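Secondary and tertiary structure notes
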Amino acid sequence: MVQIPNTPTSADVARLAGVSRATVSYVLNNTSAVRISEPTRRRVHEAARELGYVPHAAARSLRAGHSRMVLMPAPAIPVGPLYSRFLNELQWALGRLDYTVVQYGSVGLQGDEAARAWAELRPVAVLVPGAELGHRGVQVLKRSGARAVVTLGPERLDGAHALLMDHATVGHCAGVHLYERGRRRIGVVMPEEPGLEAYARPRLAGVRQALHATDAVVTELPLPYTEQAATRLAVRWRDLGLDAVFAYNDEYAMLLMRALQDEGVRVPDDVALIGADDLMLGRLLRPRLSTVHVELPSGRDLAELVDRAVGHPGGEPEVHKVLGASVVQREST
């Protein structure tokens, strides 16, 4: 028979390190209220590594009265490099504060149903991108023990902390820039991928607001993110009579630019083209891509907001307006 080795315990670590079990707990749980010398900390960590000891998360949660798990539903929409960098920074910052970040694949789950699924894991905090949650869902999470529910999107929810992301500002910047460059017949790309409408509509509204009461005309351009769709749009471009386009973001701008160039439409001579997000790849195109540089919130600041909320669960929800925007003019406009 194969003998299964016993699972190492904190008592085993304490014996090997020559310290008490309480000291092992203080060191491995990163307790700041008790002073432990650096040599003792090293001995405990070395003993734990040698034995392959891993603290029991459930037991630690029982002692603390709550878990250290921060749940992040996996975005149901395509996310680009800019948002991916933000998520990486956020997860790093939460890890530094001794939280465990878990991404939850919620494909097919929405609203209250999704909230109940998240609540089953008993997270101490939930970070919800977009508009995937309702007021009832916030209450479900709080009743399950979540001390903080934070939303990242265009609207605020009662009872939740909120980072309000004003995508209309992005469109407004693009609209003003194109108008100042002398363009008057302006197309706005509207992505047809599910979930992106919540971001694309405010950006379109921002363009319309920028050009309100001017002689400019705005035309919506529905566009799936495929080469074939971009080619079909480029083929009929001259019939549209447009002299500029805000392409929602840099990825759509790059897709459309290549299709237009393949059809002999010159950028920027025939049409000025601007994206958003200021991706590195846009600087490598010819012509170089003009863009709206988007300032996402700091992952470290959001991690600190989560930590404050966990420490003071009865406090008034914080609301912060984020997402600064500024135009970076390059050769495509």
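Our subject in this report is the structure included herewith.

The number of helices and strands found in the protein chain is 14 helices and 12 strands. When the 333 residues of the protein chain are sorted by exposure, 46% land in the buried category. Intrachain contacts of the protein chain at a sequence separation of at least 6 include 71% that bridge at least 24 residues. Accessible area of the protein chain: about 17300 Å², with a carbon and sulfur share of 50%.

Right, let's talk about the pairing of strand β5 (residues 161-165) for a bit. Buried residues dominate β5, accounting for five of its five residues. Neither face of β5 is left uncovered, since the one carrying His161, Leu163 and Met165 and the one carrying Ala162 and Leu164 both have all their residues buried. Where strand β4 (residues 148-153) lies against β5, four bridges are found, and the strand directions are parallel. Residue threonine 151 lies in a different strand from β5, and its bridge partner there is alanine 162. Where β5 meets strand β11 (residues 319-322), four bridges bridge the pair, whose relative direction is parallel.

On to the packing of helix α1 (residues 10-17) against helix α3 (residues 38-51), then. At a minimum axis separation of 9 Å, α1 and α3 run at an interaxial angle of 125°. Judged by the inter-axis angle, α1 sits oblique to α3. Seen along the crossing, α1 lies across α3 with a hand that is right-handed. Residues Asp12, Val13, Leu16 and Ala17 of α1 touch α3, and the partners they reach there are Arg43, Val44, Ala47, Ala48, Glu50 and Leu51. Taken together, the residues of the contact of α1 with α3 break down into seven nonpolar, no polar and three charged.

Moving on: a negative patch on the surface. Judged by side-chain charge, Glu89, Asp301, Glu304 and Asp307 come together as a negatively charged surface patch. The biggest single contributor to the negative patch is helix α14 (residues 299-311), with three residues. Tracing the backbone through its elements, the reader meets glutamate 304 in helix α14. For glutamate 304, a relative accessible area of 38% puts it in the partly exposed group.

Turning to the sheet that holds β4, a few remarks are in order. A sheet is described by the order of its strands in space; here six strands give the open sequence β2-β1-β3-β4-β5-β11, paired in parallel fashion. Sheet topology places β2 (100-104) and β11 at the edges, where each strand pairs with a single neighbour. Direction aside, the axes of adjacent strands within the sheet are offset by 15° on average. Those strands touched by α14 are β1 (69-73), β3 (125-129), β4, β5 and β11, and its axis lies near 150° from that of β4.

To continue, consider a nonpolar patch on the surface. Taken together, Met280, Leu281 and Leu284 make up a surface patch of nonpolar side chains, about 330 Å² in accessible area. Mapped onto the secondary structure, leucine 281 falls in helix α13 (residues 280-284).

A separate point is helix α6 (residues 111-119). Among the residues making up α6, those that are buried are Ala114, Ala115, Ala117, Trp118 and Ala119. If you follow the buried residues of α6, they end up packed against β1, β2, β3 and α7 (135-143).

Glancing now at the nonpolar core. Residues Leu127, Trp237, Phe246 and Leu273 are the most contacted members of the largest nonpolar core, which totals 76 residues. The biggest single contributor to this core is helix α12 (residues 250-262), with eight residues. Beyond its immediate stretch of four places on either side in the chain, phenylalanine 246 contacts Val170, Gly171, Ala174, Leu178, Gly187, Val188, Val189, Arg203, Val207, Ile274, Gly275 and Ala276. In this structure, Val126, Val128, Ala146 and Ala160 belong to the second largest nonpolar core, which totals 15 residues.

With that out of the way, let us pick up α1. Burial in α1 covers these residues: Ser10, Ala11, Val13, Ala14 and Ala17. In a view along the axis of α1, the buried residues occupy a sector of 160°, so they form one face of it. Packing partners of the buried residues in α1 comprise α2 (21-28) and α3. Trailing α1 by a residue or two, glycine 18 shows a phi angle of about 70°, which is positive.

Take glutamate 155: it is sitting in the loop between β4 and β5. Overall, the relative accessible area of 64% leaves glutamate 155 in the exposed class. Residues glutamate 155 and aspartate 166 lie 11 residues apart in sequence; the distance between their C-alpha atoms is 9.0 Å.

What follows deals with the packing of aromatic side chains. Scanning the entire structure with this criterion turns up two aromatic pairs. For the ring pair tyrosine 248 and tyrosine 252, a centre distance of 5.9 Å and an interplane angle of 85° mean the geometry is edge-to-face. Grouping residues by exposure puts tyrosine 248 and tyrosine 252 together as buried. Three or more aromatic residues joined by ring pairs form one cluster here, namely Tyr225, Tyr248 and Tyr252. A cation over an aromatic ring shows up here: arginine 184 above the ring of tyrosine 179, its NZ or CZ 3.6 Å from the ring centre. Directly above the ring of tyrosine 248 sits arginine 203, whose terminal nitrogen or CZ lies 4.8 Å from the centroid.

Each value, and the rule that gives it
Residues numbered from 1 in each chain as written. Predicted model: local features only at pLDDT ≥ 70, side-chain atom pairs only at ≥ 80, totals over all residues. Heavy atoms only, no water. Helix = DSSP H or I, 4+ residues; strand = E, 2+ residues; numbered from the N terminus. Buried < 20%, exposed > 50% of the residue type's maximum accessible area, 1.4 Å probe, protein only. Contact = heavy atoms within 4.5 Å. Areas by Shrake-Rupley, 256 points an atom, 1.4 Å probe, with all protein chains shown as cover. Pairing = 2+ DSSP bridges. Axes fitted to C-alpha atoms, helices over the stretch in contact; angles between N-to-C directions. Parallel < 35°, antiparallel > 145°, perpendicular 65-115°, else oblique. Left-handed = near helix turned anticlockwise from the far one by under 90°. Nonpolar A, V, L, I, M, F, W, Y, C, P; charged D, E, K, R; others polar. Patch = residues over 30% accessible without salt bridge, like charges linked within 9 Å, V, L, I, M, F, W, Y side chains within 5 Å. Salt bridge = Lys/Arg side-chain N within 4 Å of Asp/Glu carboxyl O. Lys, Arg positive; Asp, Glu negative; His and termini not counted. Charge placed at Lys NZ, Arg CZ, Asp CG, Glu CD. Core = buried A, V, L, I, M, F, W, Y, C linked by side-chain atoms within 4.5 Å. Arc of directions from axis to C-beta. Phe/Tyr/Trp six-rings, centres within 6.5 Å; stacked < 30°, edge-to-face > 60°. Lys NZ or Arg CZ within 6 Å of the ring centre and 35° of its normal.

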